[in-house]
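Inside the fold
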Amino acid sequence: MHFLSPESAFMRGLSTVIDAVWITILMIVASLPAITAGSALVAANYAARRSLAGIGHVTRDFFAAFKSNFMQATILWLILGIPGAALVVLWIVVRSWALLAPQLIATCFWIISFEWVWWLQARFANSLVGTLKNSLIFGLTKWPYTVVIVMLDCFIFVLLFASMAVMLRGLFLLALVAPGGLVMVKSAILNYAMRSYVA
């Protein structure tokens, strides 16, 4: 098979990279009013899953999911965003050994929920409370997958900071590919983790 054939591994890979870049751009644009970031994350997960499955159209899928999930995703963003900001302030400002254990536990639960909630909202029709509850249940019971996606986030952040320090010219390209690419990789991992529920 010729490598420029639409069915070749090269062209499929190139198409996936282009979709990842476009998902990044759509996420950035849709998140410009910060309040809509939750809807943008849900829409990105939905578009990424359909792109990886080779169905739909990224732009159409993104905005359809953005619109249909807007209210619930925005509330989820506020529910997670306010405690998340409070935890950041606590870690920066508070220096108390007495609060260390509760801070660690709260941070772990927050990270687990944040990693799962957008994919779950994009994949299943559920109540607000149900989505939050399931994000913790699945995040804890399927902890190896949770660890992998958290490590992926950490790797990308380290890569971005390293690029700022060492290879500034590559930072723009990395920033353009990484967010959408990360959503696509994490979507594939979570889809595999939940294969018995989504088959």
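Residues numbered from 1 in each chain as written. Predicted model: local features only at pLDDT ≥ 70, side-chain atom pairs only at ≥ 80, totals over all residues. Heavy atoms only, no water.

What follows is about the overall build of the protein. Counting its regular elements, the protein contains nine helices and zero strands. Its C-alpha atoms give the protein a radius of gyration of 18 Å, near enough to 16 Å, the size a compact globule of 199 residues would have. Dimensions of the protein along its principal axes, counting C-alpha atoms only, are 65 × 45 × 35 Å. Taking all 199 residues of the protein together, the buried fraction comes to 38%. For the protein, long-range pairs separated by at least 24 residues make up 69% of all intrachain contacts whose partners lie at least 6 apart in sequence. Looking at charge distribution, the protein has the averaged site of its 12 positive side-chain charges lying 6 Å from that of its 5 negative ones. (Helix = DSSP H or I, 4+ residues; strand = E, 2+ residues; numbered from the N terminus. Rg over C-alpha atoms; globule rule 2.2 N^0.38 Å. Buried < 20%, exposed > 50% of the residue type's maximum accessible area, 1.4 Å probe, protein only. Contact = heavy atoms within 4.5 Å. Lys, Arg positive; Asp, Glu negative; His and termini not counted. Charge placed at Lys NZ, Arg CZ, Asp CG, Glu CD.)

Its volume calculated, the largest pocket comes out at about 710 Å³. Around the largest pocket sit 28 residues that line it, and Leu 41, Phe 114, Asp 153, Leu 182 and Lys 186 are the ones nearest its centre. Sorting the residues of the lining of the largest pocket by element identifies α1 (9–30), α2 (37–52), α5 (97–123), α7 (143–166) and α8 (171–193) as the ones contributing at least two each. Residues that form the lining of the largest pocket fall into these classes: 21 nonpolar, four polar and three charged. A volume near 220 Å³ is recorded for the second largest pocket. (1 Å grid on protein atoms, 1.4 Å probe; cavity = no way out; pocket = protein on both sides within 12 Å on 5 of 7 lines; lining within 4 Å. Points joined across faces, edges and corners; volume = space filled by probe spheres on them. Nonpolar A, V, L, I, M, F, W, Y, C, P; charged D, E, K, R; others polar.)

With respect to the secondary-structure elements, Pro 144 resides in helix α7. On the accessibility criterion, Pro 144 (40% relative accessible area) is partly exposed. Measuring from C-alpha to C-alpha, the distance between Pro 144 and Gln 103 comes to 22 Å, with 41 residues separating the pair along the chain.

With that settled, consider the packing of aromatic side chains. Within the structure shown, the criterion is met by twelve aromatic pairs. Centre to centre, the rings of Trp 77 and Trp 118 are 6.1 Å apart; their planes meet at 50°, and the pair counts as tilted. Note that Trp 77 is positioned in helix α4 (residues 70–93) and Trp 118 in helix α5, a separation of 41 residues in sequence. Here Trp 118 falls in the buried class, since its relative accessible area comes to 4%. (Phe/Tyr/Trp six-rings, centres within 6.5 Å; stacked < 30°, edge-to-face > 60°.)

Bringing the packing of α4 against α5 into the picture now. Running from N to C, α4 and α5 point in directions that differ by 155°, and their axes come no closer than 10 Å. Judged by the angle between their axes, α4 and α5 are roughly antiparallel. Relative to α5, the crossing made by α4 is left-handed. Facing α4, whose interface residues are Gln 72, Ala 73, Leu 76, Trp 77, Leu 80, Pro 83, Gly 84, Leu 87, Leu 90 and Trp 91, α5 presents Leu 100, Gln 103, Leu 104, Ala 106, Thr 107, Trp 110, Ser 113, Phe 114, Val 117, Trp 118 and Gln 121. In terms of residue class, the contact of α4 with α5 is made up of 15 nonpolar, six polar and no charged. (Axes fitted to C-alpha atoms, helices over the stretch in contact; angles between N-to-C directions. Parallel < 35°, antiparallel > 145°, perpendicular 65-115°, else oblique. Left-handed = near helix turned anticlockwise from the far one by under 90°.)

Treat this as a map of the structure, not an account of what it does.
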